[in-house]
Amino acid sequence: MSTSAPPTGGPGFELEIGGMTCASCANRIEKKLNKLDGVEATVNYATEKAKVSVPEGYDPALLIAEVEKTGYTAALPKLKHAPAGASDPASDGEDTELTQLRHRLIGSILLTVPVIAMAMIPALQFTYWQWASLALAAPVIIWAAWPFHRAAWTNLKHGTATMDTLISMGTSVALLWSLYALFFGTAGVPGMTHPFEFTIAPSDGAANIYLEVGAGVTMFILAGRYFEKRSKRQAGAALRALLELGAKEVAVLRDGAEVKIPTSELQVGDAFVVRPGEKIATDGIVVSGTSAVDASMLTGESVPVEVGEGDPVTGATVNAGGRLVVRATRIGADTQLAQMAKLVEDAQTGKAEVQRLADRISGVFVPIVIVIAVVALGAWLGAGFPVTAAFTAAVAVLVIACPCALGLATPTALLVGTGRGAQLGILIKGPEVLESTRKVDTVVLDKTGTVTIGKMALVDVATESGVERADLLRFAGALEDASEHPIAQAIAKAATQEVGALPTPEDFANVVGKGVQGIVDGIPVVVGRESLLADWSQHLSPEVARAKARAENEGKTVVAVGWDGQARGIVVVADTVRPTSAEAIRGLKEIGLTPVLLTGDNEAVARQIAAEVGIDEVIAEVLPKDKVDVIVRLQQEGRTVAMVGDGVNDAPALAQADLGLAMGTGTDVAIEASDITLVRGDLRAAVDAIRLSRKTLSTIKTNLFWAFAYNIAAIPVAALGMLNPMLAGAAMAFSSVFVVGNSLRLRGFRSITAQ
């Protein structure tokens, strides 16, 4: 996968690329496209997309043809930024490539297990077992392994070698030699057996078949590829989840009557109704009505925004208060929601991936193995041995070089590591994620819902002289309990917990933009802004006024309470810090990460929260696009950045970051755009996620080393013509057992909360 910056310049095309099996495929396509005049391209193996900048009037068919010449497929995307609520046609049916891979895997498992059993257990070797093995193994090595053969041929045409080359070469040679031994040697005679012995003695190989090696390698590596491909297919789900956020239907005003229509039919200038609890269908201006709008998905602010006539509102935000009539100003791809989808897509497409380690090793290993095989062939012929014996040695080198354990090295470690992660509330999406965790040095933390709980709660009460706290909460809670406003609900909930059941108010009334009033237990009560109390000639004492000013300077929300003609005190609500956040920040620092607090909230609130949990670097008052820009700026400074967030507004930044971690208590869009999901909603899980990912990556590297080491150790034996089928099978089995056993050690990983 290329790490170059996304192209800039002329008109841009995006192509969906098919047939890539490794990161070197992406590099090959990218180089081919960049050779065209005026074309700049980056190809992403993870998202299987090419982002191309071309001169004005350039025909995308030329780009597609160039990709196809390279041996891959290309097509223009089926979905560009559709209106909110639109569905992706590509998501309606399951991915064809993934389905084919699953069919090949299932077929290879059903056919290969009996082949391996017969080859390794002499008791199962009935009279014509070798021919039954051929009938079962041939479809696996030819049909199930066809993607490897096709990729190997493409690699050969371009003079390169990858893991696909190694698999194709080893499995093909195992089949061809077995065919020779069955039809022209003595392996096909009735009653032939592979005795259970590990003796090493030169032979002409005409009595040996290696079908279980070829079929077994194909089955295990197909399993690894299937699980990797399935996790990689999640990349587009973030966009679909983001577009699904929008309202599906809208009540449009036509000739004074409300008419329900699909959101996609909404036009600029249409007036539509939004009732309490409904999503706003698209971006617009409030024509009539007042309400509180939950815009946290856009701004990150936990406090709802008060809107009235003439105020702008954003599509997919939630009307938390009264009835609104809104005039549409932007629809479809022009809305802020669609622009956020574009940000996510751009971030994912431009995200650099680390090439698979197995491919890098294979690029060196394959040529060396071929040279050893040729040298062995020449040495045997030069020493005067028969041609059959010489070819036996050369073939044995190629067969033993095809490492079954290589296919298990990544998926088994990933399976155990992700399984252990799931037990700890950590969901890791794929092997590419692990490489990022190794190099991460900076972790950017969204404030609302990540470091803090993300919901308003009562944090303080200040009463006038002679007023009891319980009385203040009882009167305020009773009145606020009748309101739908999130701040009112936070006060009512706290009051219920402290003083018990609340009385039912009479003559309840909402005072637009100021608060509420009513009668509780026969006493007139007002709750809201200080200006509402002033309207009733009720004023806070200097002491309580100072407490109010301190709270507001800290970014908290203050509600004044008065009854029976006098101001009685204030209640303070705010988004509170998670109890475990400070411990989590210490844990992040201990594993070498620099925490940065990033928020759409104001500077005063951000600084206070940062000081409370131990974060030194704060970036406040940023909108979604600014969050992406902040991540990019940190990356340009040479940092490798992890991002932890929970809201829709965090999704583009999560996708842009080298490692995205989403709180499981957050939105589906954030979860889909991330690499790792922290199910518990506990920030300490971020520490565990990075530690576990690093440990899993280390295990994969150890597995890959031993996967090759077993085979390298057996190559000299094979070159000397002493490799019998039992020894080849044993090498395959022992290397696989070691890899699985090493991976199982990850089950002992412990969370920092248990230490």
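Residues numbered from 1 in each chain as written. Predicted model: local features only at pLDDT ≥ 70, side-chain atom pairs only at ≥ 80, totals over all residues. Heavy atoms only, no water.

Draft legend 1. Local environment of the overall build of the protein chain. Along the protein chain, the regular secondary structure elements total 27 helices and 26 strands. When the 755 residues of the protein chain are sorted by exposure, 55% land in the buried category. Looking at the protein chain alone, contacts between residues at least 24 apart form 71% of all its contacts between residues at least 6 apart. Element-wise, carbon and sulfur atoms account for 58% of the exposed surface of the protein chain, whose accessible area totals about 30500 Å². (Helix = DSSP H or I, 4+ residues; strand = E, 2+ residues; numbered from the N terminus. Buried < 20%, exposed > 50% of the residue type's maximum accessible area, 1.4 Å probe, protein only. Contact = heavy atoms within 4.5 Å. Areas by Shrake-Rupley, 256 points an atom, 1.4 Å probe, with all protein chains shown as cover.)

Draft legend 2. Here's a closer look at the nonpolar core. Counting 54 residues, the largest nonpolar core has Ile-209, Leu-211, Phe-365, Val-369, Val-397, Val-399 and Ile-715 as the members making the most contacts within it. Counting only elements with at least two residues in this core, the list comes to helix H4 (96-120), helix H5 (129-144), helix H7 (163-183), helix H8 (211-232), helix H12 (357-382), helix H13 (387-401) and helix H26 (684-719). Per element, the largest residue contribution to this core is 10 residues, and it comes from H7. Excluding anything up to four places from it in sequence, Ile-715 contacts Phe-365, Val-369, Ile-372, Val-397, Ile-400 and Ala-401. One finds Ile-428, Val-605, Ala-686 and Ala-689 within the second-largest nonpolar core, a separate group that totals 47 residues. (Core = buried A, V, L, I, M, F, W, Y, C linked by side-chain atoms within 4.5 Å.)

Draft legend 3. Looking closely at the side chain of Glu-66. Note on placement: Glu-66 falls in helix H2 (residues 60-69). You can call Glu-66 buried: its relative accessible area is 13%. Excluding its chain neighbours within four sequence positions, the residues that come into contact with Glu-66 are Lys-32, Leu-33 and Leu-36.

Draft legend 4. Summary view of the pattern of salt bridges. Inspection of the entire model under this criterion finds 18 salt bridges. The partner of Arg-684 in a salt bridge is Glu-583, with the nearest N and O atoms 3.1 Å apart. Here the residue Arg-684 occupies a position in helix H26, and Glu-583 occupies one in helix H21 (residues 581-590), the gap between them amounting to 101 residues. Relative accessible area serves as the criterion here: at 16%, Arg-684 is assigned to the buried category. Assessed through its relative accessible area of 30%, Glu-583 is described here as partly exposed. Through salt bridges with shared partners, a single ionic network connects Glu-617, Arg-633, Glu-637 and Arg-639. (Salt bridge = Lys/Arg side-chain N within 4 Å of Asp/Glu carboxyl O.)

Draft legend 5. Examining the sheet that holds strand S9 (residues 291-294) more closely. Strand order in the open sheet formed by three strands is S10-S9-S12, with antiparallel pairing between adjacent strands. Lying at the two open borders of the sheet, with one neighbouring strand each, are strand S10 (305-307) and strand S12 (318-319). Across three bridges, the pairing between S9 and S10 is antiparallel. Directly across from Val-293, in S10, lies its bridge partner Val-305. (Pairing = 2+ DSSP bridges.)

Draft legend 6. Seen up close, the sheet that holds strand S6 (residues 257-262). Pairing in this open sheet of six strands is antiparallel, and the strands run S6-S5-S7-S13-S8-S11 from one edge to the other. Each of the sheet's edge strands pairs with one partner strand only, and the pair in question is S6 and strand S11 (312-313). Bridge analysis of strand S7 (residues 271-274) against strand S13 (residues 324-330) gives four bridges, and the strand direction is antiparallel. Its bridge partner lying in S13, Val-274 is registered against Leu-324.

Draft legend 7. Examining a nonpolar patch on the surface more closely. Judged by side-chain polarity, Leu-381, Val-387 and Phe-391 come together as a nonpolar surface patch covering roughly 260 Å² of accessible area. For Leu-381, the location among the structural elements is in helix H12. Judged by its relative accessible area of 39%, Leu-381 falls in the partly exposed class. (Patch = residues over 30% accessible without salt bridge, like charges linked within 9 Å, V, L, I, M, F, W, Y side chains within 5 Å.)

Draft legend 8. Representation of the UniProt feature "transmembrane region" (unreviewed entry) in the protein chain. As annotated in UniProt, the feature "transmembrane region" (unreviewed entry) corresponds to residues 105-122, 128-146, 166-189, 209-227, 361-383, 389-416, 703-720 and 726-744 in the numbering used here. Secondary structure over residues 703-720 splits into 94% helix and 0% strand, and the C-alpha atoms at its two ends are 27 Å apart. (UniProt positions renumbered as here; feature names shortened; annotations may be inferred.)

Draft legend 9. Main features of H2. Among the residues making up H2, those that are buried are Pro-60, Leu-63, Ile-64, Glu-66 and Val-67. Taken down its axis, H2 places every buried residue within 160 degrees of arc, on the same side. The backbone nitrogen of Ala-61 has a side-chain oxygen 3.0 Å away, supplied by the residue at the start of H2, namely Asp-59. One or two positions beyond H2, positive phi appears at Gly-71, with a value near 105 degrees. (Arc of directions from axis to C-beta. Polar contact = N/O pair within 3.5 Å; in protein donor to acceptor, adjacent residues only side chain to side chain.)

Draft legend 10. Fine view of the packing of aromatic side chains. Evaluated as defined, the whole model comprises seven aromatic pairs. Ring centres 4.9 Å apart and planes at 40 degrees place the aromatic pair Trp-177 and Tyr-180 in the tilted group. You can see Trp-177 and its partner Tyr-180 sitting in helix H7, three residues apart, about one turn around the helix. Residues Trp-706 and Phe-738 carry aromatic rings whose centres are separated by 5.1 Å and whose planes lie at 55 degrees to one another, so their mutual orientation is tilted. Taken as a pair, Trp-706 in helix H26 and Phe-738 in helix H27 (residues 725-744) lie far apart in primary sequence, 32 residues in all. (Phe/Tyr/Trp six-rings, centres within 6.5 Å; stacked < 30°, edge-to-face > 60°.)

Draft legend 11. Focus on the confidence of the model for the protein chain. Averaged over all residues, the pLDDT of the protein chain is 80; the fraction at 70 or higher stands at 82%. H5 holds the highest mean pLDDT among the elements of the protein chain, 94, whereas helix H3 (residues 89-92) holds the lowest, 40. A low-confidence stretch, residues 1-10 stays under pLDDT 50, and its non-local contacts, those more than four residues away or across chains, total 30 contacts. (pLDDT = per-residue confidence, 0-100.)

Draft legend 12. Region of interest: the environment of Ala-719. With respect to the element layout, Ala-719 can be found in helix H26. Considered as a pair, Ala-719 and Thr-392 are 327 residues apart in the sequence and their alpha carbons are 8.7 Å apart. Other than its neighbours up to four places away in sequence, Ala-719 contacts Ala-376, Trp-380, Ala-393 and Val-397.

Draft legend 13. Looking closely at the pairing of S6. The sheet contact formed by strand S5 (residues 249-254) and S6 spans six bridges and is antiparallel. Residue pairing for S6: Val-250 is matched across the bridge by Ile-261. From the end of S5 to the start of S6, which pair antiparallel, there are two residues, and Asp-255 there has a positive phi angle of about 55 degrees.

Draft legend 14. Structural context of the packing of H13 against H26. Contact geometry of H13 with H26 gives a least axis separation of 8 Å together with a crossing angle of 170 degrees. Taken together, H13 and H26 sit at an angle that is classed as roughly antiparallel. Contacts from Ala-393, Ala-396, Val-397, Ile-400 and Ala-401 of H13 reach H26 at Asn-711, Ala-714, Ile-715, Ala-718 and Ala-719. (Axes fitted to C-alpha atoms, helices over the stretch in contact; angles between N-to-C directions. Parallel < 35°, antiparallel > 145°, perpendicular 65-115°, else oblique.)

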